[in-house]
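# Remarks on the overall topology
Here is what each chain is made of, one letter per residue.
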Amino acid sequence: MSFLNNLINGIGLGSVYAIIALGYTMVYGIAKMLNFAHGDVIMVGAYVCFFASSTYGLHPLVGVLLAMAVCTVLGVVIERLAYKPLRQAPSLAVLITAIGMSYFLQNAAQLLWTPNPKVFPAFFTLANPDGTSRTGVDLFGGQLTVRFTTIVNLLVCIVIMVLLTWFTGNTKMGKAMRACSENKDAARLMGIDVNFTISITFAIGSALAAIAGVLFLSSYQTLVPTTGSMPGIKAFTAAVFGGIGSIPGAFLGGVLLGVIEIMAGAYISTQLANAIVFAVLIITLLVRPAGLLGKQVREKV
Amino acid sequence: MKKFLALTMAAVMSVSLLAGCGGNKDSGKLKIGGAGPLTGGAAIYGNAAKNGATIAAEEINAANPNGLQIELRYEDDTHDPEKSVNAYNTLKGWGMQVFLGSVTSAPGVATSVEANADHMFYLTPSASSTDVLGGVVNPLTGTVDVERKDTIFQMCFVDPNQGSASAQYIFDQKLGDKIAVIYKNDDVYSTGVFNSFDAKAKELGLNVVSVTTFTEDTQTDFSVQINDAKAAGADLLFLPMYYQPASLILAQSAAAGFAPKYFGIDGMDGILTLEGFDTSLAEGVMLLTPFNADSEDAATKSFVEKYQAAYGDAPNQFAADAYDCVYAIYQAATKTGVTADMSASDICDKLVAEFTSMTFNGLTGEGMTWAADGTVTKSPKGMVIKDGAYVGMD
């Protein structure tokens, strides 16, 4: 039973990584750049939703929509100001800019909202008959608890994954995105507005970040300006693990990473949990350099 | 457009360069410097200390218009040991005569070496690691790892005292038969308390059934640690850590249907002021802390009111410790006839001699005294959270 409990906790943690990894992988897959500020856009989304629902008392759903709107605008503005001027620059320059953007957002959040931690409201609860609220379902007479957030995270993750796959595969804009991903210059020759397409990619990625932020914070409720940085890095790891650029890979990588982290902590040592997670990542990448579901591209010489 | 931007930025930069100069005139005030994380993840502690010290300095200056006046300056170290040394050097360049120390332990270890080498008096509000003071015996190995740094004193409890006091308290009050501990193993504060708790618990024969850890990078999900404690049948969970991870542990334990008694240390203080925190989760949490913002005594009440008026939050123990630091330094300085034109080294000699012999009454304790090893003697108060407020336990 404790194994099952750990497995469920692992999936719960993994679903959070997965949902963040989806945004990472989407932007990387199309714009071919690592948006390290993604984790911090998550933080901004979480703050917007926090203020909407806690301070202004709006319905959580309105909060989420508001967060998505703000993050979409923020994502597009970041792309326009920080990344677009560097479109022709070496990828290292863009990477450093992204890291700088990440620190900028963290410190701006600290100025705007102070570093004092805020506790995010628990959205996914059910009222008990006696007036208290439940945060999960008890199975087998209380031996096993499945938190509602785990269920919601997984469902949202799957929905987003399916929608993204459909979008990139079947819509005109999705096809344009894939074309940009293959070869920007050729896409431009085919009459695709590359800059606009990449802007849309960032808009979608940032809207996903807002959803991820809200779901992440409803699972782990402490909100500070640095909230996004560590899960951002873990989610990036998950995206690489699953094969960066691959949408189902991000999901698989995220869930596996969460399960490995929890299992390593439970059965080996909490001191070594992170070391084991990254050891697994290294071994996976040695065997499959493109990640679990990544495309193995053979270079033609 | 680009040219305009470049010009503006160049102008801004040169102005900020100029702003760095000047202001070095002798003000005739005792220059007290402090360093702490004013930005970054630990900023809540640095800002609290800065705010507390600022209130104390303003009160002192207002109360003694003809006496010794204080000029206070805080520098940001972002909880980074290297930046803390830069901050210390900046303050030295400014003409600092007494150092209010680093707020957190890791930077404190770095700056204490510098201050001791410069013979600068150093009283830290809250860097509680033994390595800040040096000369304290490591309870695990029985040896002294870091030499005693003679100019360094602490206002807070040194970590081992908190750990052994907690173990003693749990033993005396028979709070738990099976004890579980979760601590943060990449943090000197948390591990320092845990090590001494562990040593004392073994000595007293406490039954510790589960010990698990987490780090800065893994402080979101505690399900493994909670499951381990739950499976071991623990009835008391000892949490030697700051309140931020502790708040997550409380919430996740409740979600997992695990309801032991909780015991925390001074870092737990602040949990009730966490914005949006469901205080019913903290119901019954016990902690040892030197400061209680809800206390009824006049000095605490006046401090809390001033703090709230100026900064909008309730002060935590960092603010109170820093407030006490400024007053303790002032008390020692006026007693020994320190004047604003003395060198830092002369002031240091006088203050060190005075600190080891004086008694100080502050917000965080009555009748505090300092030993030559830099540690403070004051008694922690056992508190328990009832109906969203601290209540004394004894």
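Computed from a predicted model, the values in this text were never measured in an experiment.

This part takes up the interface of chain B and chain A. Taken together, the contact between chain B and chain A spans 32 residues of the former and 31 residues of the latter. Across the chain B to chain A interface the summed buried area is about 2,500 Å²; carbon plus sulfur atoms make up 53%. Its largest share of buried area at the contact with chain A, chain B owes to V224(B), A255(B) and E275(B), together 21% of the area lost on that side. Taken together, chain B and chain A are joined by 0 salt bridges. Taken together, the links from chain B to chain A amount to 5 residue pairs in polar contact (both at pLDDT 80 or more). Going through the elements one at a time, helix 2 (43-63), strand 7 (208-214), helix 8 (223-231) and helix 9 (243-255) of chain B are the ones with two or more residues in the side of chain B that touches chain A. Counting residues per element, the side of chain B that touches chain A draws most heavily on helix 9 of chain B, at 7 residues. Grouping the constituent residues of the side of chain B that touches chain A by class yields 11 nonpolar, 16 polar and 5 charged.

Next up on the list: the nonpolar core. The biggest cluster of nonpolar side chains holds 174 residues, and the ones touching the most others in it are Y83(A), L123(B), F355(B) and W370(B). Among the elements that take part in this core, helix 1 (residues 2-31) of chain A stands out by supplying 13 residues, more than any other. Residues contacting F355(B), with those up to four places away along its chain left out, are F121(B), L123(B), F153(B), A328(B), I329(B), A332(B) and W370(B). Residues Y88(B), M96(B), A115(B) and A127(B) belong to the second largest nonpolar core, which totals 16 residues.

A few words on the confidence of the model for chain B. Atomic detail in the predicted coordinates should be set aside for any region of low pLDDT. Residues and elements named next belong to chain B. Mean pLDDT over chain B stands at 85; residues scoring 70 or higher make up 92%. Taken as a whole, residues 18-25 scores under 50 in pLDDT and shows 3 contacts with residues more than four places along the chain or in a different chain. This complex was scored by the predictor with a pTM of 0.78 and an ipTM of 0.77.

Before going further, it helps to spend a moment on the packing of helix 3 (residues 60-83) of chain A against helix 4 (residues 91-113) of chain A. Residue and element names in this part refer to chain A. Look at helix 3 against helix 4: their axes get within 11 Å of each other, and the N-to-C directions meet at 130°. Considered as vectors, helix 3 and helix 4 are oriented oblique to each other. Considering how the two elements wind past one another, helix 3 and helix 4 form a crossing that is right-handed. Only V94, T97, A98, M101 and L105 of helix 4 make contact with helix 3, whose side of the interface consists of L74, I78, A82 and Y83. A per-class count over the contact of helix 3 with helix 4 returns 8 nonpolar, 1 polar and no charged.

Here is what the cut-offs are and how they apply
- Residues numbered from 1 in each chain as written.
- Chains lettered and ligands numbered in written order.
- Predicted model: local features only at pLDDT ≥ 70, side-chain atom pairs only at ≥ 80, totals over all residues.
- Heavy atoms only, no water.
- Contact = heavy atoms within 4.5 Å.
- Buried area = accessible area lost by both parts, 1.4 Å probe.
- Salt bridge = Lys/Arg side-chain N within 4 Å of Asp/Glu carboxyl O.
- Polar contact = N/O pair within 3.5 Å; in protein donor to acceptor, adjacent residues only side chain to side chain.
- Helix = DSSP H or I, 4+ residues; strand = E, 2+ residues; numbered from the N terminus.
- Nonpolar A, V, L, I, M, F, W, Y, C, P; charged D, E, K, R; others polar.
- Core = buried A, V, L, I, M, F, W, Y, C linked by side-chain atoms within 4.5 Å.
- Buried < 20%, exposed > 50% of the residue type's maximum accessible area, 1.4 Å probe, protein only.
- pLDDT = per-residue confidence, 0-100.
- Axes fitted to C-alpha atoms, helices over the stretch in contact; angles between N-to-C directions.
- Parallel < 35°, antiparallel > 145°, perpendicular 65-115°, else oblique.
- Left-handed = near helix turned anticlockwise from the far one by under 90°.

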